[in-house]
Amino acid sequence: DDGGAIYIETHAGNNTGNQYIHIVGDTDFTDNIAGDNGGAIYMYSDADDGDTGNQRIYIGGDATFEGNIAGGDGGAIYMYSEGSVDTGYQRIGIEGSATFEDNIAGDAGGAIYMQSDAYYGNTGNQSIYINGDATFIGNTAGSDGGAIYMYSDSDNGDTGYQRIDIGGDATFIGNTAGSDGGAIY
């Protein structure tokens, strides 16, 4: 079971379209549970013989992700793009305020898990933009990335850039990873 509060999944024999979540008001994701991935939000795109579209989560208001639990990856947010050719970009933009507190992932990404895999082509760019305020406190991952896990893999092509841009205020306190990246992997 994936996505304790929101579940978005696309599969296609060829190409998949874009996936977007826009949070512009005040939103609380509290105490949601997913047996597998995405304690609060699960976003997955799979193109068997083609390209995946772009994936984007935009937080323009105030969002609280607190006490969410995923048995696998992404205590609060799970974003995964998998294409046999190319994958689109993955982006999380925080323009308002976002608090990620006491979220737990059994595996990777205590608060946020972002992964892109392309088998025969290139992966798109991966980015997290913080232009507002973001607080990551007490999130836990069983393996890597106590607060944030970001991974890109292309078997036969190139990977796009990976970046976290902090133009606003970001706080990382007391995040824990069982292996690497107490705050960010």
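What counts as what
- Residues numbered from 1 in each chain as written.
- Predicted model: local features only at pLDDT ≥ 70, side-chain atom pairs only at ≥ 80, totals over all residues.
- Heavy atoms only, no water.
- Phe/Tyr/Trp six-rings, centres within 6.5 Å; stacked < 30°, edge-to-face > 60°.
- Helix = DSSP H or I, 4+ residues; strand = E, 2+ residues; numbered from the N terminus.
- Buried < 20%, exposed > 50% of the residue type's maximum accessible area, 1.4 Å probe, protein only.
- Lys NZ or Arg CZ within 6 Å of the ring centre and 35° of its normal.
- Salt bridge = Lys/Arg side-chain N within 4 Å of Asp/Glu carboxyl O.
- Pairing = 2+ DSSP bridges.
- Axes fitted to C-alpha atoms, helices over the stretch in contact; angles between N-to-C directions.
- Patch = residues over 30% accessible without salt bridge, like charges linked within 9 Å, V, L, I, M, F, W, Y side chains within 5 Å.
- Areas by Shrake-Rupley, 256 points an atom, 1.4 Å probe, with all protein chains shown as cover.
- Lys, Arg positive; Asp, Glu negative; His and termini not counted.
- Charge placed at Lys NZ, Arg CZ, Asp CG, Glu CD.

**Describing the packing of aromatic side chains**
Two aromatic rings are characterised by how far apart their centres lie and by the angle between their planes.
Here's step 1: One pass over the full model with this rule turns up 13 aromatic pairs.
Here's step 2: With a centroid separation of 4.8 Å and 0° between ring planes, the pair formed by Phe136 and Phe172 is classed as stacked. Taken as a pair, Phe136 in strand β15 (residues 133-137) and Phe172 in strand β19 (residues 169-173) lie far apart in primary sequence, 36 residues in all.
Here's step 3: For Phe172, a relative accessible area of 27% puts it in the partly exposed group.
Here's step 4: Measuring from ring centre to ring centre gives 5.0 Å for Tyr149 and Tyr185, while their planes differ by 5°; the resulting arrangement is stacked. Here Tyr185 lies in the segment after β20 (176-177) and Tyr149 lies in strand β17 (residues 148-154), a separation of 36 residues in the sequence.
Here's step 5: A network of ring pairs unites the aromatic residues Tyr7, Tyr42, Tyr44, Tyr78, Tyr80, Tyr113, Tyr149, Tyr151 and Tyr185 as a single cluster.
Here's step 6: The side chain of Arg91 reaches across the aromatic face of Tyr89, ending 4.3 Å from its centre.

**Examining the pattern of salt bridges**
Side chains that differ in sign of charge can pair as their charged atoms come close.
Here's step 1: For the structure on display, the rule yields one salt bridge.
Here's step 2: Across the salt bridge formed by Arg163 and Asp165, the nearest N and O atoms sit 2.9 Å from each other.
Here's step 3: Judged by its relative accessible area of 23%, Asp165 is partly exposed.

**A word on the sheet that holds strand β7 (residues 62-66)**
Here's step 1: Read across the open sheet, the five strands follow the order β3-β7-β11-β15-β19; overall the sheet is parallel. The two strands at the open ends of the sheet, each matched to only one other strand, are β3 (27-30) and β19. Between one strand and the next, the sheet's axes are offset by a mean angle of 5°, whatever the strand orientation.
Here's step 2: As paired strands, β3 and β7 are joined by four bridges and run parallel to one another. Bridged to Thr30 within β7 is Glu66.

**A short note on the pairing of β7**
Here's step 1: Taking every second residue as pointing to the same face, the buried face of β7 carries Ala63 and Phe65, while none of Asp62, Thr64 and Glu66 on the other face is buried.
Here's step 2: Of the strand pairs in this sheet, β7 and strand β11 (residues 97-101) are connected by five bridges, and their pairing is parallel. Bridged to Glu66 within β11 is Glu101.

**Observations regarding a negative patch on the surface**
Here's step 1: On the surface, Asp26, Asp28, Asp31, Asp62, Glu66, Asp102, Asp133 and Asp169 cluster together into a negatively charged patch.
Here's step 2: Position of Asp62 among the secondary structure elements: in strand β7.
Here's step 3: Given a relative accessible area of 39%, Asp62 falls into the partly exposed group.

**Topic: the sheet that holds strand β12 (residues 104-105)**
Here's step 1: Taking strand neighbours across the sheet as the criterion, the five strands line up as β4-β8-β12-β16-β20 in an open arrangement whose pairing is parallel. The two strands at the open ends of the sheet, each matched to only one other strand, are β4 (33-34) and β20.
Here's step 2: Relative to β12, strand β8 (residues 69-70) runs parallel, the two being bridged by two bridges. Residue pairing for β12: Ala70 is matched across the bridge by Ala105.

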